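Overview (structure and organization)
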Amino acid sequence: MRAETHRFRPDPRVTLFSGDSRTTGAADSLLALARVVIVACCVRCVNAERDDDGEGLIEHAVVIAGGGPTGLMLAGELALAGVDVAIVEPRTSQALVGSRARGLHTRTIEVLDQRGVADRFVSQGTAHPAVSFARTSLTLSDLPSRHNYLLALPQSRFEEILAGWVAELAVPIHREREVVGFTQDDGGVDIAISDGGSLRAQYLVGCDGGRSVIRKTACIEFSGWDPTVSSMIAEVEMRDEPELGIRHDHNGTQAIGRLEDGRRFGIVVSETYAGQTGEPTLRDLSRALVAVWGTHYGVHSPTSISRFTDMTRQAAVYREGRVLLAGDAAHVHYPVGGQGLNLGVQDAVNLGWKLAQVVHGTSPEGLLDSYHAERHPVAARVLQNTMAQTVLTRSDARTDALRNTMTELLTMDEPRRRFAAMICGLDVQYDLGEGHPLLGRRMPDLELLTADGPVRVFTLLHDARPVLLALGEQALDVALWADRVRRVEATYRGPWELPALGTVPAPAAVLIRPDGHVAWTGDGSDRGLAPALTTWFGSPTSVA
Ligand SMILES: Cc1cc2nc3c(=O)[nH]c(=O)nc-3n(C[C@H](O)[C@H](O)[C@H](O)COP(=O)(O)OP(=O)(O)OC[C@H]3O[C@@H](n4cnc5c(N)ncnc54)[C@H](O)[C@@H]3O)c2cc1C
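About the criteria used
Residues numbered from 1 in each chain as written. Predicted model: local features only at pLDDT ≥ 70, side-chain atom pairs only at ≥ 80, totals over all residues. Helix = DSSP H or I, 4+ residues; strand = E, 2+ residues; numbered from the N terminus. Expected span 1.5 Å × (residues − 1). Buried ≥ 20, exposed ≤ 12 C-beta atoms within 10 Å, placed from the backbone. Pairing = 2+ DSSP bridges. Axes fitted to C-alpha atoms, helices over the stretch in contact; angles between N-to-C directions. Contact = placed C-beta atoms within 7 Å. Near = placed C-beta within 6 Å. Nonpolar A, V, L, I, M, F, W, Y, C, P; charged D, E, K, R; others polar. pLDDT = per-residue confidence, 0-100. Core = buried A, V, L, I, M, F, W, Y, C linked by C-beta atoms within 7 Å. Left-handed = near helix turned anticlockwise from the far one by under 90°.

**Structural notes on helix H2 (residues 69-80)**
- Compared with an ideal rise of 1.5 Å per residue, which puts twelve residues at 16 Å, H2 spans 17 Å between its outermost C-alpha atoms and is within 8% of the ideal.
- Burial analysis of H2 places twelve of its twelve residues in the buried class, the great majority of the element.
- Where H2 is concerned, the buried positions are Pro-69, Thr-70, Gly-71, Leu-72, Met-73, Leu-74, Ala-75, Gly-76, Glu-77, Leu-78, Ala-79 and Leu-80.

**Description of the sheet that holds strand S29 (residues 518-522)**
- Strand order in the open sheet formed by four strands is S25-S24-S28-S29, with mixed pairing between adjacent strands. Bordering the open sheet on either side are strand S25 (486-489) and S29, each of which pairs with just one other strand. Across the sheet, the mean angle separating the axes of adjacent strands is 15 degrees when strand polarity is ignored.
- The strands touched by helix H13 (residues 529-537) within the sheet are strand S28 (509-512) and S29, with S29 carrying the most contacts at an inclination of about 170 degrees.

**Regarding the site of the ligand**
- If you check the shell around the ligand, you find 34 residues, and the closest are Gly-66, Gly-68, Gly-209, Gly-327 and Gly-340.
- Counting only elements with at least two residues in the shell around the ligand, the list comes to H2, strand S2 (85-89) and helix H8 (340-360).
- By residue number, the principal contributor to the shell around the ligand is H8, which donates four residues.
- Looking at the shell around the ligand residue by residue, the classes come out as twelve nonpolar, 15 polar and seven charged.

**Structural notes on the confidence of the model for the chain**
- Across the chain, the average pLDDT comes to 89, with 89% of residues at or above 70.
- Long-range and interchain partners of residues 1-58, a stretch whose pLDDT sits below 50, account for 79 contacts in this model, where long-range means more than four residues apart.

**Some words on unusual backbone geometry**
- The phi angle at Ala-134 is positive, at roughly 50 degrees, despite the residue not being glycine.
- As for its placement among the helices and strands, Ala-134 is situated in the loop between strand S5 (130-133) and strand S6 (136-139).
- The exposure class of Ala-134 is buried, given the 20 C-beta atoms found within 10 Å.
- For Arg-135, which is not a glycine, the phi torsion comes out positive at approximately 75 degrees.
- Residue placement: Arg-135 occurs in the loop between S5 and S6.
- Classification of Arg-135 by C-beta neighbours within 10 Å gives partly exposed; the count is 16.

**Re the nonpolar core**
- Of all hydrophobic cores here, the largest spans 119 residues; its most connected members are Val-62 and Leu-204.
- Ranked by residues supplied to this core, first place goes to H8 with eleven residues.
- Leaving out residues up to four positions away in the same chain, Val-62 has contacts with Leu-78, Val-83, Val-85, Ala-201, Gln-202, Tyr-203, Val-205, Leu-355 and Val-359.
- Membership of the second largest hydrophobic core comes to 14 residues, among which are Ile-233, Ala-234, Ile-256 and Val-299.

**A closer look at helix H11 (residues 413-423)**
- Burial in H11 covers these residues: Arg-416, Arg-417, Phe-419, Ala-420, Ala-421, Met-422 and Ile-423.
- Residues of H11 that are buried sit in contact with S5, S6, helix H9 (369-392) and helix H10 (397-410).
- Immediately beyond the C-terminal end of H11, within one or two residues, lies Gly-425, with a positive phi of roughly 75 degrees.

**Looking at the packing of helix H3 (residues 106-114) against H8**
- Two elements in contact, H3 and H8, have axes whose closest approach is 9 Å; the angle formed by their N-to-C orientations is 35 degrees. Seen from above, H3 lies across H8 with left-handed handedness. In this structure, H3 contributes Arg-107, Thr-108 and Val-111 to the contact, and H8 contributes Asn-342, Val-345, Gln-346 and Val-349.
- Residue composition of the contact of H3 with H8, by class: three nonpolar, three polar and one charged.

**Things to note about the environment of Gly-275**
- Position of Gly-275 among the secondary structure elements: in the loop between strand S16 (265-272) and helix H7 (282-293).
- For the pair Gly-275 and Thr-228, spaced 47 residues apart in the sequence, the C-alpha separation amounts to 9.3 Å.

**Remarks on the sheet that holds strand S7 (residues 150-152)**
- One open sheet accounts for three strands, arranged S3-S7-S4; its pairing is antiparallel. Edge positions in the sheet fall to strand S3 (103-104) and strand S4 (126-128), since each has one partner strand and no second.
- Summarising the sheet, S3 and S7 pair through two bridges and their orientation is antiparallel. Within S7, the residue paired with Gly-103 across the bridge is Ala-152.

Printed below as a string of structure tokens:
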């Protein structure tokens, strides 16, 4: 049964966000311009078709609730694939109150590199050679990636640059309003907006953060563990000179540092969780300072104070019919190890091309189930490692003994490489069955040689289309998928080195999904290629 359908009422406050539109050079500028033109044409075609069909009530193929890191990345992926997508976002800009993520991990920089935009972020951040696990520093310099570093970049800056890319791709952002509810039926989703208007879409994706209205409205269970620790993060002034530096106690990490302006201080202070809810006040902060340092140092004039806990939960399902969840809407955990934003961006890259293919009708809806199947276990593992790290940030005799033992292990090369790859998101292998070690893993960014000259693998993925890389002499026919899959003949003589695994045998061919994961490897024949193409990129087209 189709529920009542509403037409979205245009509102003058609807904005096309115009953020950072810098590109890395003339070639990038031209490419970006070409993409905008292509995408704008695709979007126009989609709407025109619908109007001709009398289906004009569907205003967007996909609506994303939430324009944070996950929603923006997903919008970019969908727009690149020519999908008519819009974001609904309450914030007037990407500015954030208080401090959140401070860095990008290797796999996140790699997925941005796969779209040709990594330089925009890298040029604005600072590279650090290590990540940490439970206070132990893990060097990244021997990880086999072009981006084997942690890129320090504040979340608000990350969001601004990402929003700039999304604006170039002509994605509308309906700002200063939020999704307040929805109903779904066989043909789409009616989405109620806080200004009293509504939108209709084929799919709705909840990227609306940990308190997700989309998840709650869809009645998706959010199971896990209640908080044990509550932390405040604040930027303040202090009358007295505080003790600068980091302390560890039974509640975890406590820190005071001077901010860049030399006048204000950044504070992280943790307390045992005792039901603290709502926005913290200066009085709460002052009490917590006294509990840890014995004085509040005359704290005053806060620019921001916010609270977060180690509540650890995950959505039981990432899809309920035409409604999907990604990012913090699907999983929350303590920010130890700095993984949350990175995880959400990578959810988006897994979901984007699949949703695009379903919207375009090239793949059946069942492809969307692989999104849950692949990404749910990845987040479940992050939830486990953050719970372990949260315990290990505490300090008492027994916990110190456990952490020292762990540190001893992590100074050995093999465990260090494994844990570094885990934190950086480089060790993910989707379960695509038995086969070559590359199957289901991310394709390394090899320097290939083609008839047109040298090219990097990631460059071949800039337009988010699948690539069949033929590295040998064998005949690999993709004619029946030629409208979707690009075939590239190349040679590569170097080693195939995978993070956490080491060197693996060279495959004769590789089928690469738009998210950079390997869907099939060749052994010199085309055995299994047609089924893999059909599974991931839809049925073959008939040739006249
Ligand atoms: C103190 C702290 C430090 C952190 N440090 C790190 C770190 O170093 N590294 C890291 O990777 N992660 C870190 N994180 C986690 C990171 O901030 C989050 O994982 C990340 O912001 C999740 O992105 P998201 O887009 O999924 O959700 P959010 O960033 O929460 O974005 C959700 C968006 O949805 C919008 N929204 C909300 N409700 C609605 C609605 N009803 N309709 C429409 N839109 C709505 C919001 O305005 C927001 O823009 C940290 C978090 C905290 C609190």
